[in-house]
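Okay, here's what each chain looks like letter by letter:
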Amino acid sequence: MNSQKRLITMLVAAAGLLILPLVLQGFGNAWVRIADMALLFVLLSLGLNIVVGYAGLLDLGYVAFFAIGAYMFGLMASPHLPETFPAIAAMFPNGLHTPLWVVIPLAAALAGVLGILLGAPTLRLRGDYLAIVTLGFGEIIRVFLNNLDHPVNITNGPKGIGQIDAIQFFGISLGKRLNIAGYELSSVTLYYYLFLTLVVVSVIICHRLELSRVGRAWMAIREDEIAAKAMGINTRNAKLLAFGMGATFGGVSGAMFAAFQGFISPESFSLMESVMIVAMVVLGGVGHLPGVILGAILLSALPEVLRYVAGPLQAMTGGRLDASILRQLLIALAMISVMLLRPRGLWPAPEHGKSLQNAKT
């Protein structure tokens, strides 16, 4: 009976997710764009949850992998490299136009390798020290992207990279509207279905990892690394695998972000973005997939929804308060309230709840 109810719930949720962009499209493409960005942040949060939630490694530089994936796709799907390097222009006279099935594996592989390289020198670090090192890594990547326009122009510096190709899928460009049986699907709606597919695949991967031997090893390290090592777990390899696996999600999400926006610059990968991704994981419920997804959706959509609240509040103060500052204030108040009322997150893992109840009794 429970399995039947679960199946019905899943079918209803699937139908709702498929219909959602068609409903939002009626209110304007801006709402579909908000849903698209929410799905990208869900993908990022799922990757960070592997590092923070499963393995217990506090990573404050996760946005670096997001940036690496975005710039990789930006360089491989824009006129920037052929215009800068004549040799590349001679090899690809029609320009670099990377297909989807090449983009996703490349973004995942590049970010994964860099994730392992980040994890290698930090194996002996824990807690605050690990957070500081990863924070520095994220800022170093952003500074590099901001300055690699001289003497050789690789990233175009603070001006960013534009004219990035839209994703091509079986001859269909997601950057253009698609007409199906007289019904028109906008570009942002097409991207919604692509991002939703990636999120569903990522949730399945994360769920299988959580139940696997590797997932149990990560959780043992999270609870007590010394005890895990005494039990025969190779903590070094497990940590490196966590960094690498988590980074792959960031790389894929970054590539999708570059294709979706059509323009990238170092400003999109600031420290604030990294902090927000960590906040999504913590706010929803560390280590719990439904909670992480909920936290990502709420924190990515809340700033946009609060635009409609900050405007009237700004008018009430006679325009003396900036609307963007008011939005940040409201977001901070909402997060503080949630953390006070639900210290373990909005949707924490049930196992932690049971252990806490047993500890109290």
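The shown structure was predicted, so the numbers you read here are calculated from the model rather than taken from an experiment.

Participant: Requested: an account of the overall build of the protein, with residues and values cited.
Facilitator: Across its full length, the protein carries 16 helices and 4 strands. In terms of overall size, the protein behaves like a compact globule, its C-alpha atoms giving a radius of gyration of 22 Å where 361 residues would be expected to give roughly 21 Å. The principal-axis extent of the C-alpha atoms belonging to the protein is close to 70 × 50 × 50 Å. The buried share of the protein, reckoned over its 361 residues, is 44%. Counting contacts in the protein only where the partners sit at least 6 residues apart, residues at least 24 apart contribute 74% of the total. Counting every atom, the protein has about 18,800 Å² of accessible surface; 68% of that belongs to carbon and sulfur. Where the 23 positive side-chain charges of the protein centre and where its 17 negative ones centre are 10 Å apart.

Participant: Go over the packing of aromatic side chains with me, naming the residues and quoting the values.
Facilitator: Applying the stated rule across the entire model yields 11 aromatic pairs. Seen from their ring centres, Phe-66 and Phe-257 are 5.2 Å apart, and the 50° between their planes marks the pair as tilted. With Phe-66 in helix α3 (residues 63–76) and Phe-257 in helix α11 (residues 235–261), this residue pair connects regions lying 191 residues apart in the sequence. In textbook terms, an aromatic cluster arises when at least three aromatic residues are bridged by ring pairs, as seen for Phe-66, Tyr-71, Phe-257 and Phe-269.

Participant: I'd like to hear about the layout of surface pockets, residue by residue, with values.
Facilitator: Put simply, the largest pocket is a space of about 1,300 Å³. If you list the elements that add at least two residues to the lining of the largest pocket, you get α1 (2–25), α2 (29–54), α8 (187–211), α13 (289–305) and α16 (350–360). The element contributing the most residues to the lining of the largest pocket is α1, with 11 residues. A class-by-class count of the residues in the lining of the largest pocket yields 30 nonpolar, 3 polar and 3 charged. Within this model, the second largest pocket holds a volume of roughly 610 Å³. In this structure, the second largest pocket is lined by 24 residues; those nearest its centre are Phe-41, Glu-273, Ser-300, Pro-303 and Glu-304. For the lining of the second largest pocket, the element with the highest residue contribution is α2, accounting for 6 residues. Residue classes in the lining of the second largest pocket are distributed as 14 nonpolar, 4 polar and 6 charged.

Participant: Mind laying out the nonpolar core, listing which residues take part and the relevant values?
Facilitator: Here is a general trend for soluble globular proteins: nonpolar side chains tend to be buried in one another's company. If you look at the biggest cluster of nonpolar residues, it comprises 93 residues, and the most contacted ones within it are Phe-73, Ile-167, Met-256, Ile-264 and Phe-269. Top element by residues in this core is α2. It accounts for 15 residues. Setting aside anything within four residues of it in sequence, one finds Ile-264 in contact with Ala-70, Tyr-71, Gly-74, Gly-160, Ile-161, Ile-164, Phe-257, Ala-258 and Phe-269.

Participant: Please set out the side chain of Thr-189 residue by residue, giving values where relevant.
Facilitator: Turning to its location among the elements, Thr-189 is positioned in helix α8. Residues contacting Thr-189, with those up to four places away along its chain left out, are Pro-21, Leu-22, Gln-25 and Val-32.

What counts and how
- Residues numbered from 1 in each chain as written.
- Predicted model: local features only at pLDDT ≥ 70, side-chain atom pairs only at ≥ 80, totals over all residues.
- Heavy atoms only, no water.
- Helix = DSSP H or I, 4+ residues; strand = E, 2+ residues; numbered from the N terminus.
- Rg over C-alpha atoms; globule rule 2.2 N^0.38 Å.
- Buried < 20%, exposed > 50% of the residue type's maximum accessible area, 1.4 Å probe, protein only.
- Contact = heavy atoms within 4.5 Å.
- Areas by Shrake-Rupley, 256 points an atom, 1.4 Å probe, with all protein chains shown as cover.
- Lys, Arg positive; Asp, Glu negative; His and termini not counted.
- Charge placed at Lys NZ, Arg CZ, Asp CG, Glu CD.
- Phe/Tyr/Trp six-rings, centres within 6.5 Å; stacked < 30°, edge-to-face > 60°.
- 1 Å grid on protein atoms, 1.4 Å probe; cavity = no way out; pocket = protein on both sides within 12 Å on 5 of 7 lines; lining within 4 Å.
- Points joined across faces, edges and corners; volume = space filled by probe spheres on them.
- Nonpolar A, V, L, I, M, F, W, Y, C, P; charged D, E, K, R; others polar.
- Core = buried A, V, L, I, M, F, W, Y, C linked by side-chain atoms within 4.5 Å.

Scope: geometric values only; no functional claims are made or implied.
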